[in-house]
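Each chain, letter by letter, is given below.
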Amino acid sequence: MSTLGELFDLPSSDALSTGVKRLVSKHLPAGWREWRTISPLGQSDAKLDHGRLRFVLPTVELVKLFLPGATHVSDRQFKEMKAALCKLPFCLPLITSPSTYAKSLRPSDEDYALFVKSVAPLLKLSLSLADLNRCLALAQEVVRVEDTTEEVVAQTTVPLAEQPPPDPLVQRLSILEERLQSFSSLETKLEALSHGRLTCPPLALPCQALPLGAQTLIMSTLQRRIISLIPRPPRRGPPRSMMRKLAVH
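Note that the structure is predicted; figures quoted are calculated from it, not measured.

Q: Explain the overall build of the chain here, please?
A: Helix and strand content of the chain: 10 helices and 4 strands. Starting at the N terminus and walking to the C terminus, you meet the elements of the chain as β-α-α-β-β-α-α-β-α-α-α-α-α-α. Sorting the 249 residues of the chain into buried and exposed places 27% on the buried side. Taking the contacts inside the chain whose residues are at least 6 apart along the sequence as the reference set, 75% of them involve residues at least 24 apart. Counting only carbon and sulfur atoms, one obtains 60% of the accessible surface of the chain, whose full area is about 17,400 Å².

Here you go:
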């Protein structure tokens, strides 16, 4: 009788054994090293139907170790993988099915019950050949869709260096529009100032960045606008037309 930890620690150098040990350390629950096991009685490995064996390890990850890059596994390959696992001393105690064989690997019913309870959450990862091939096909389809998506994105995305430069005319029109808005705002403030509704410090005219001729034209226009907004004082005395009539008489 030995423990799974003792079998696990036996030296091995082949790549398959090293990879399976990584899966054992990654997936088995706490306390797995203390699981007790014995050599099976009355049934040699040669008489096992390897196709029916289930190991408490993710079947998809086992296939990646045994058949890297495989997108489909044949019945022969499936059995060969199980036979290779049976040659690893620490893998035999990880068999869950057939249950009679798995039970023969435990020294007592209590040990077997503890093993079954501990690995119950992992049984969904141990797949039949049909389920395994469905998973591999689905994974292949996901990869194909991802590749297609990346290709479409690459074709529809224009690199920054290839994007056309901004139209100079559009830029100038945008600047002119901003300046006209500034003039409109200035005119509104001047009108409010002329009616005594606004008191503000002297304004920095936005036309200072324009050529001198344009500045002169704008300033004269603003002056005329300001003068027109200033209310004229009321006339005193009779209208001029009446004064002319009086002068005639």
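Q: What am I meant to see in helix α3 (residues 59-66) here?
A: Along an α-helix, residues three or four apart share an orientation, since each turn contains 3.6 residues. All buried positions along α3 are accounted for by T59, L62 and V63. Projection of α3 onto a plane perpendicular to its axis shows the buried side chains occupying an angular sector of 100°, all on one side.

Q: Would you take a moment to explain the pattern of salt bridges for this structure?
A: Opposite charge on two side chains makes pairing possible when the charged atoms of those side chains draw close. By the definition in use, this model includes 7 salt bridges. Between D111 and R36 there is a salt bridge, with the nearest N and O atoms lying 2.7 Å from each other. Of the two residues, D111 is situated in helix α6 (residues 109-119) and R36 in strand β2 (residues 36-37); the sequence distance between them amounts to 75 residues. Residues D131 and R134 are paired through a salt bridge, measuring 2.2 Å at the closest nitrogen-oxygen approach. On the criterion of helical spacing, the pair formed by D131 and R134 is a turn pair, its members being 3 residues apart in helix α7 (residues 129-156). Judged by relative accessible area, which is 54%, R134 ranks as exposed.

Q: What am I meant to see in the side chain of H27 here?
A: Considering the arrangement of structural elements, one finds H27 in helix α2 (residues 15-27). On the basis of relative accessible area, H27 is assigned to the buried category, the value being 19%. Not counting the four nearest positions on each side in its chain, H27 is found in contact with P58, E61 and L122.

Thresholds applied
Residues numbered from 1 in each chain as written. Predicted model: local features only at pLDDT ≥ 70, side-chain atom pairs only at ≥ 80, totals over all residues. Heavy atoms only, no water. Helix = DSSP H or I, 4+ residues; strand = E, 2+ residues; numbered from the N terminus. Buried < 20%, exposed > 50% of the residue type's maximum accessible area, 1.4 Å probe, protein only. Contact = heavy atoms within 4.5 Å. Areas by Shrake-Rupley, 256 points an atom, 1.4 Å probe, with all protein chains shown as cover. Arc of directions from axis to C-beta. Salt bridge = Lys/Arg side-chain N within 4 Å of Asp/Glu carboxyl O.

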